[in-house]
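Results of the structural survey
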Amino acid sequence: MRPHSEAPPWLWAWDKSLVLLMSLVAATVWMATPQLITPYPAQAAWFESAAFFPRVSLALACVAGLFELYQRRSAVELADSDELDSSAANMRQALGMLALFGLYMLAVPWMGYLSSTWLFLMASGAWLGLSRRATFSLSVLLSLAMWLVFVKVLKVYFGHGWLM
């Protein structure tokens, strides 16, 4: 009988299977990105393309997932690990953040990048229990900084919402 770390992928623990599935989904969406973005300006320079930021993010997610699988090839005792203990994670908060991010993705083309990013960060801070002052300060600074970097400097196209 082989040790658990050398088991074939279909006999892995659920977490390894989930990481592999997420990496494969990221790779698939990476390849389909130009077809998923409408209208897709094919004549734009690669760094000004609407697909630039999503493709970089998806490639990083895919590579990070494969690297995580490589790191998990052998079991590590929790006492010997420098990793955080995931048993302290709050699944309600994590699932709420995923739901907020899904709403954010839908809001960007409809509302505009700056306003939807600000609202997402405000809602995230409230959901995570940050103080009102910290939430407002961080959301204003981060949304403006990200808008400047992605829209003005990198010229990433996010569509034209009815707000900014």
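Predicted, not measured: the structure shown is a model, and the values here were computed from it. (Residues numbered from 1 in each chain as written. Predicted model: local features only at pLDDT ≥ 70, side-chain atom pairs only at ≥ 80, totals over all residues. Heavy atoms only, no water.)

Here we look at helix H5 (residues 132-153)
In this model, H5 (22 residues) spans 30 Å end to end at C-alpha, consistent with the 32 Å of a helix rising 1.5 Å per residue. Turning to H5, its buried residues number three or more, namely Thr-135, Ser-139, Ser-143, Trp-147 and Phe-150. In this structure, the buried residues of H5 make contact with helix H2 (52-71) and helix H4 (113-128). Note on H5: the residue one or two positions beyond its end, Lys-155, has a positive phi of about 55°. (Helix = DSSP H or I, 4+ residues; strand = E, 2+ residues; numbered from the N terminus. Expected span 1.5 Å × (residues − 1). Buried < 20%, exposed > 50% of the residue type's maximum accessible area, 1.4 Å probe, protein only. Contact = heavy atoms within 4.5 Å.)

With respect to the packing of helix H3 (residues 91-111) against H4
Relative orientation and spacing of two packed helices are given, respectively, by the angle between their axes and the distance between those axes. At a minimum axis distance of 8 Å, the contact between H3 and H4 shows a crossing angle of 165°. In terms of axis orientation, H3 runs roughly antiparallel to H4. As for the relative orientation of H3 and H4, their crossing is right-handed in sense. Counted together, Arg-92, Gln-93, Gly-96, Met-97, Leu-100, Phe-101, Tyr-104, Ala-107, Val-108 and Met-111 of H3 and Tyr-113, Ser-115, Ser-116, Thr-117, Leu-119, Phe-120, Ala-123, Ser-124, Trp-127 and Leu-128 of H4 form the full contact between these two elements. A breakdown of the residues in the contact of H3 with H4 according to their chemical character gives 13 nonpolar, six polar and one charged. (Axes fitted to C-alpha atoms, helices over the stretch in contact; angles between N-to-C directions. Parallel < 35°, antiparallel > 145°, perpendicular 65-115°, else oblique. Left-handed = near helix turned anticlockwise from the far one by under 90°. Nonpolar A, V, L, I, M, F, W, Y, C, P; charged D, E, K, R; others polar.)

Some thoughts on the environment of Ala-45
Assignment of secondary structure puts Ala-45 in the loop between helix H1 (14-36) and H2. The exposure class of Ala-45 is partly exposed, given its relative accessible area of 30%. C-alpha of Ala-45 to C-alpha of Lys-155: the two residues are 110 residues apart in sequence and 10.0 Å apart in space.

What to know about the confidence of the model for the chain
The predicted model of the chain averages 80 in pLDDT, with 79% of residues at 70 or higher. H4 holds the highest mean pLDDT among the elements of the chain, 93, whereas H1 holds the lowest, 84. (pLDDT = per-residue confidence, 0-100.)

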